Amino acid sequence: MKLLLVEDDPTMQTTLQRTLGRRRIDVRVCGDGALAVAQWQALEPDVVALDLNLPNLDGLQVLAQARAAGLRTPVLLLTARGTVGDRIVGLNAGADDYLPKPFDLDELEARLRALRRRHQQGDAGDAPAGPQPVGSLRYAADSGAIYHRADVMELTPRELALLKALMMNPGHAVSKERLFELVFPGEADVQYEAVEVVVYRLRKKLVGTGTALMTLRGLGYLLREEP
């Protein structure tokens, strides 16, 4: 996987290049926001890890310029700003995921690989049209976020992957096995029951949205608008 890391901290640059390099991720570094879009275009990375605090041009400005230039590469924001408001601003600007500093390197790698997988699946010729609105929930393709009316839902990457999968099949049950493949791809040490944990947490977050996550015994899970 080819990663463009837009980060001005030399220590962070070196650490991530060495650590992720040992995990077969080719990390290219850009430390200046004003140069980031040009390097992004030249490199054509699989994923971009973008810090918000950059010299000359901040991360949100870099992201806005990249999206305006037609660059659809998935973006993971890295920032010391940990507030919900900052996360929402980033998602609305076109980011695909958000990881506050300090972060765990294993989680960073997992999120980067998940973004790449989702992007590749979205580019596949036989891919579905995309997540469909269900009640007041809608998926924003430009940011990768799911909205309840005008508000971005605060979801973990696994909750987002599960809800997105259900929105791909509104009114139809999705098996636990299929959800497991989408939510825990390539994680052989995780049991199928882990899907139930994500379902439980997501169901709590759907309270008050007018959308219900139903369990159909023997069939899987169904997302539908409440009457």
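Everything quoted here is computed from the prediction, not taken from an experiment.

With respect to the helices and strands, the residue Glu-196 is situated in helix H8 (residues 194-205). With a relative accessible area of 35%, Glu-196 lands in the partly exposed category. Along the backbone, Glu-196 and Lys-176 are 20 residues apart, and their C-alpha atoms lie at a distance of 8.4 Å. Excluding anything up to four places from it in sequence, Glu-196 contacts Lys-176 and Tyr-221. A distance of 2.5 Å separates polar atoms of two side chains, one belonging to Glu-196 and the other to Lys-176.

The next subject is the environment of Val-195. Looking at where Val-195 falls in the secondary structure, it is placed in helix H8. Note on Val-195: relative accessible area 0%, which makes it buried. For the pair formed by Val-195 and Glu-177, sequence separation is 18 residues and the distance between their alpha carbons is 8.8 Å. In this structure, Val-195 is in contact with Leu-162, Lys-176, Leu-179, Phe-180, Phe-184 and Tyr-221, ignoring residues within four places of it in sequence.

Remark: helix H6 (residues 157-167) packs on H8, axes separated minimally by 10 Å, with the N-to-C direction vectors making an angle of 85°. Comparing their axes, H8 and H6 come out roughly perpendicular. For the pair H6 and H8, the contacting residues are Arg-158, Glu-159, Leu-162 and Leu-163 in the first and Val-195, Val-198, Val-199, Arg-201, Leu-202 and Lys-205 in the second. Split into classes, the residues belonging to the contact of H6 with H8 amount to six nonpolar, no polar and four charged.

About the criteria used
- Residues numbered from 1 in each chain as written.
- Predicted model: local features only at pLDDT ≥ 70, side-chain atom pairs only at ≥ 80, totals over all residues.
- Heavy atoms only, no water.
- Helix = DSSP H or I, 4+ residues; strand = E, 2+ residues; numbered from the N terminus.
- Buried < 20%, exposed > 50% of the residue type's maximum accessible area, 1.4 Å probe, protein only.
- Contact = heavy atoms within 4.5 Å.
- Polar contact = N/O pair within 3.5 Å; in protein donor to acceptor, adjacent residues only side chain to side chain.
- Axes fitted to C-alpha atoms, helices over the stretch in contact; angles between N-to-C directions.
- Parallel < 35°, antiparallel > 145°, perpendicular 65-115°, else oblique.
- Nonpolar A, V, L, I, M, F, W, Y, C, P; charged D, E, K, R; others polar.

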